[in-house]
Amino acid sequence: MSVPLVSVLLPVYNGEPYLAAALESVLRQDYERLEVIAIDDGSTDRSLHILRRYQEADGRLRVVSRENRGLIATLNEGMTMAKGELIARMDADDIAYPTRFSRQIALFQEQPRLGISGTGVDRLIGDRVVRGTPNPIHRSADWHVLSMFYTVFMHSTVMYNRNVIPADMLTYDATYVHAEDFDLFRRITREFPAAMIDESLVAYRVHDESVTNKHRRPMRRTHLKIAAENLQRESLIDDPDAFLAIGTTVTPDTVRRVADCLLSIEGRITARGMRSSASHEEGLMCFFYFLYQLIADEKQPGLTHQFLTQTDKWHRIRRRERYGLRAATHAPWCSRLWSDASLRLDALARYRQSVPARSVLPLQGLT
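In this text, all values refer to a predicted model and were calculated from it rather than measured experimentally.

Calculation criteria
- Residues numbered from 1 in each chain as written.
- Predicted model: local features only at pLDDT ≥ 70, side-chain atom pairs only at ≥ 80, totals over all residues.
- Heavy atoms only, no water.
- Core = buried A, V, L, I, M, F, W, Y, C linked by side-chain atoms within 4.5 Å.
- Buried < 20%, exposed > 50% of the residue type's maximum accessible area, 1.4 Å probe, protein only.
- Helix = DSSP H or I, 4+ residues; strand = E, 2+ residues; numbered from the N terminus.
- Contact = heavy atoms within 4.5 Å.
- Phe/Tyr/Trp six-rings, centres within 6.5 Å; stacked < 30°, edge-to-face > 60°.
- Lys NZ or Arg CZ within 6 Å of the ring centre and 35° of its normal.
- pLDDT = per-residue confidence, 0-100.

## Topic: the nonpolar core
Tyr160, Phe243 and Phe307 are the most contacted members of the largest nonpolar core, which totals 63 residues. In terms of residues, this core owes the most to one element, helix H11 (residues 278-296), which gives nine residues. Val36, Leu61, Val63 and Leu107 belong to the second-largest nonpolar core, a separate cluster that totals 34 residues.

Below, the structure is given as structure tokens:
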């Protein structure tokens with residue numbers, strides 16, 4: 001086999017329900033010069049059996065199976081095995097659309113000094129696909145600025161350029177468990193150009209067993225730790241411990257501290273003349289929504305009310321959320337009714353904008 005241009009890094013841990021479909025989507029790409037490095041991280045289901053079957057049918061698939069070592073160790077092991085000039089990430093429960101790799105390769109060919117690229121995503125919920133929408137900010141984004149506040153790319157859409165990124169940088173840091181991608185992306189975008197194909201080339205599967213859902217709390221804590229480090233580096237924050245505190249427990253005091261901290265960051269950005277920067281504005285607003293959701297998930301309307309009032313951001317949330325939140329604050333027994341009704345409306349809205357999965361996704365694989 002010729003030396004592959006693209007190495008696809010696919011960590012697998014108990015991926016049986018969705019693994020075959022993910023493999024099919026990679027092996028049926030319209031770009032064929034690739035290798036797929038699938039590392040079975042001590043799965044206890046039929047994942048290895050599925051991998052072996054596909055390996056027999058397609059020699060581009062390399063399978064490693066060993067004891068469980070965790071995602072970060074698995075990703076770094078795959079990095080050392082990769083032979084390609086470009087390394088593409090893929091998750092075992094997502095779907096890559098047929099032109100994903102060819103589109104990203106073309107982007108790197110047009111911009112050879114590009115370090116990293118990502119793509120837009122659709123969301124795959126059950127048997128429905130909710131279409132993603134382009135974000136205008138991506139046309140002229142300062143990726144370094146955005147990556148101070150949030151994870152700029154969905155992990156399973158990323159492609160790295162090893163001709164640009166040094167090998168010692170292209171590793172995941174175990175210090176940032178459950179947000180290792182956020183950490184790596186901020187380090188890369190700090191030094192190298194990045195780009196986004198703002199079109200959905202991956203379907204991101206939403207389900208209860210995903211890493212995002214299973215590890216939401218520790219993931220948020222690590223996210224806050226990274227954001228605090230980034231803002232300290234830019235001298236935009238006085239009280240980085242406020243982020244760590246609210247990541248541990250949401251109380252009136254931690255809400256007050258983080259709200260004060262957010263206002264202080266806004267003030268410093270304005271004082272330095274950064275407010276006119278669309279990327280600063282977008283990054284800061286995304287971070288506000290992150291904090292808002294973290295606090296709202298505690299289902300204590302008084303704390304959410306406090307945060308919105310102190311930051312003067314009531315106008316940034318949806319009208320029905322404003323009405324429901326104010327009602328629940330004054331009549332706490334309304335809180336559950338408001339929350340359940342809001343979730344039902346969101347689910348209905350997603351369904352109305354979705355399409356059947358079979359109309360847009362590749363054939364599902366055989367197990």
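## Some details on the side chain of Thr119
For Thr119, the location among the structural elements is in strand S6 (residues 116-125). According to the relative accessible area criterion, Thr119 is buried, its value standing at 2%. The contacts of Thr119, once residues within four sequence positions are left out, are Gln104, Thr157, Met196, Ile197, Glu199, Leu201 and Val202.

## As for the packing of aromatic side chains
Aromatic ring pairs are described here by two measures, namely the spacing of the ring centres and the angle between the planes. As enumerated under the stated definition, the model contains eight aromatic pairs in all. Judged by centre distance (5.1 Å) and plane angle (35 degrees), the ring pair of Trp143 and Phe153 falls under tilted. Of the two residues, Trp143 is situated in helix H5 (residues 143-149) and Phe153 in the loop between H5 and strand S8 (159-161); the sequence distance between them amounts to 10 residues. A single burial state applies to Trp143 and to Phe153, both of which are buried. On the accessibility criterion, Phe153 (2% relative accessible area) is buried. A cation over an aromatic ring shows up here: Arg186 above the ring of Tyr176, its NZ or CZ 5.1 Å from the ring centre. Lying over the aromatic face of Phe288, Lys313 brings its terminal NZ or CZ to 6.0 Å of the ring centre.

## Quick notes on unusual backbone geometry
Phi at His178 is positive, roughly 70 degrees, even though this residue is not glycine. Along the chain, His178 falls in the loop between S8 and helix H6 (180-191). Taking the relative accessible area as the measure of exposure, His178 reaches 21% and is therefore partly exposed.

## Comments concerning the confidence of the model for the protein chain
In the predicted model, the protein chain carries a mean pLDDT of 88, and 85% of its residues have values of at least 70. Ignoring residues within four places in sequence, the model shows residues 330-335, a span with pLDDT below 50, making five contacts including any to other chains.

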